[in-house]
Amino acid sequence: NCNYFKHFTPGQSSEIFEVTTQKEYSISAAAIAIFSVGFAIIGTICVLLSFRKKKDYLLKPASMFYTFAG
């Protein structure tokens, strides 16, 4: 007869706790994460091409891709 665990004991006022995950949120979070990683990779490619071939105009798209990734 422990009062601390009262809601776990069977009786009239017993409560059932059910933990469910919402599938829609997890799928959308995974899609956003994949897009974020893709934007970061494209930004890195732009930066590497800019430094190798001395093309400074690729730094603006790289910064936008990093911003989108954030």
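Just so it is clear, the model here is predicted, and its values are computed rather than measured. (Residues numbered from 1 in each chain as written. Predicted model: local features only at pLDDT ≥ 70, side-chain atom pairs only at ≥ 80, totals over all residues. Heavy atoms only, no water.)

K.L.:
I would appreciate a short explanation of the overall build of the protein in the present structure.
P.N.:
Within the protein, the secondary structure is distributed over 2 helices and 0 strands. Burial analysis of the protein (70 residues in total) assigns 10% to the buried set. As presented, the protein carries roughly 6500 Å² of accessible surface, and 65% of it is formed by carbon and sulfur atoms. (Helix = DSSP H or I, 4+ residues; strand = E, 2+ residues; numbered from the N terminus. Buried < 20%, exposed > 50% of the residue type's maximum accessible area, 1.4 Å probe, protein only. Areas by Shrake-Rupley, 256 points an atom, 1.4 Å probe, with all protein chains shown as cover.)

K.L.:
Sorry if this is basic, but what is going on with the packing of aromatic side chains here?
P.N.:
In this description, an aromatic ring pair is defined by two values, namely the gap between the centres and the angle between the planes. One pass over the structure, following the stated rule, counts 2 aromatic pairs. Measuring from centroid to centroid gives 6.0 Å for Phe39 and Phe65, while their planes differ by 20 degrees, and the two rings are stacked. Separated by 26 residues along the polypeptide, Phe39 in helix H1 (residues 23-53) and Phe65 in helix H2 (residues 59-69) bring together distant segments of the chain. Residue classification places Phe39 among the partly exposed positions, given a relative accessible area of 28%. Assessed through its relative accessible area of 22%, Phe65 is described here as partly exposed. Arranged with centres 5.6 Å apart and planes meeting at 55 degrees, the rings of Phe39 and Phe68 form a pair that is tilted. With a gap of 29 residues between them, Phe39 in helix H1 and Phe68 in helix H2 connect regions that are remote in the sequence. Taken together, the aromatic side chains of Phe39, Phe65 and Phe68 make up a single cluster linked through ring pairs. (Phe/Tyr/Trp six-rings, centres within 6.5 Å; stacked < 30°, edge-to-face > 60°.)

K.L.:
Mind showing me how you'd approach the UniProt feature "transmembrane region" (unreviewed entry) in the protein here?
P.N.:
Taking the UniProt record as the reference, the feature "transmembrane region" (unreviewed entry) is found at residues 27-51. Spanning residues 27-51, this segment combines 100% helix with 0% strand, and its end C-alpha atoms are found 37 Å apart. (UniProt positions renumbered as here; feature names shortened; annotations may be inferred.)

K.L.:
Would you mind going over the environment of Phe39 with me for this structure?
P.N.:
The spatial distance from the C-alpha of Phe39 to the C-alpha of Thr67 is 8.6 Å, given a sequence separation of 28 residues. When neighbours within four sequence positions are excluded, Phe39 is seen to be in contact with Phe65, Phe68 and Ala69. (Contact = heavy atoms within 4.5 Å.)

K.L.:
Whenever I open this one, a nonpolar patch on the surface confuses me. Can you help?
P.N.:
Residues Val37, Ile41, Ile45 and Leu49 make up a contiguous nonpolar surface patch of about 340 Å² in total accessible area. Here Ile41 shows up in helix H1. Relative accessible area serves as the criterion here: at 47%, Ile41 is assigned to the partly exposed category. (Patch = residues over 30% accessible without salt bridge, like charges linked within 9 Å, V, L, I, M, F, W, Y side chains within 5 Å. Salt bridge = Lys/Arg side-chain N within 4 Å of Asp/Glu carboxyl O.)

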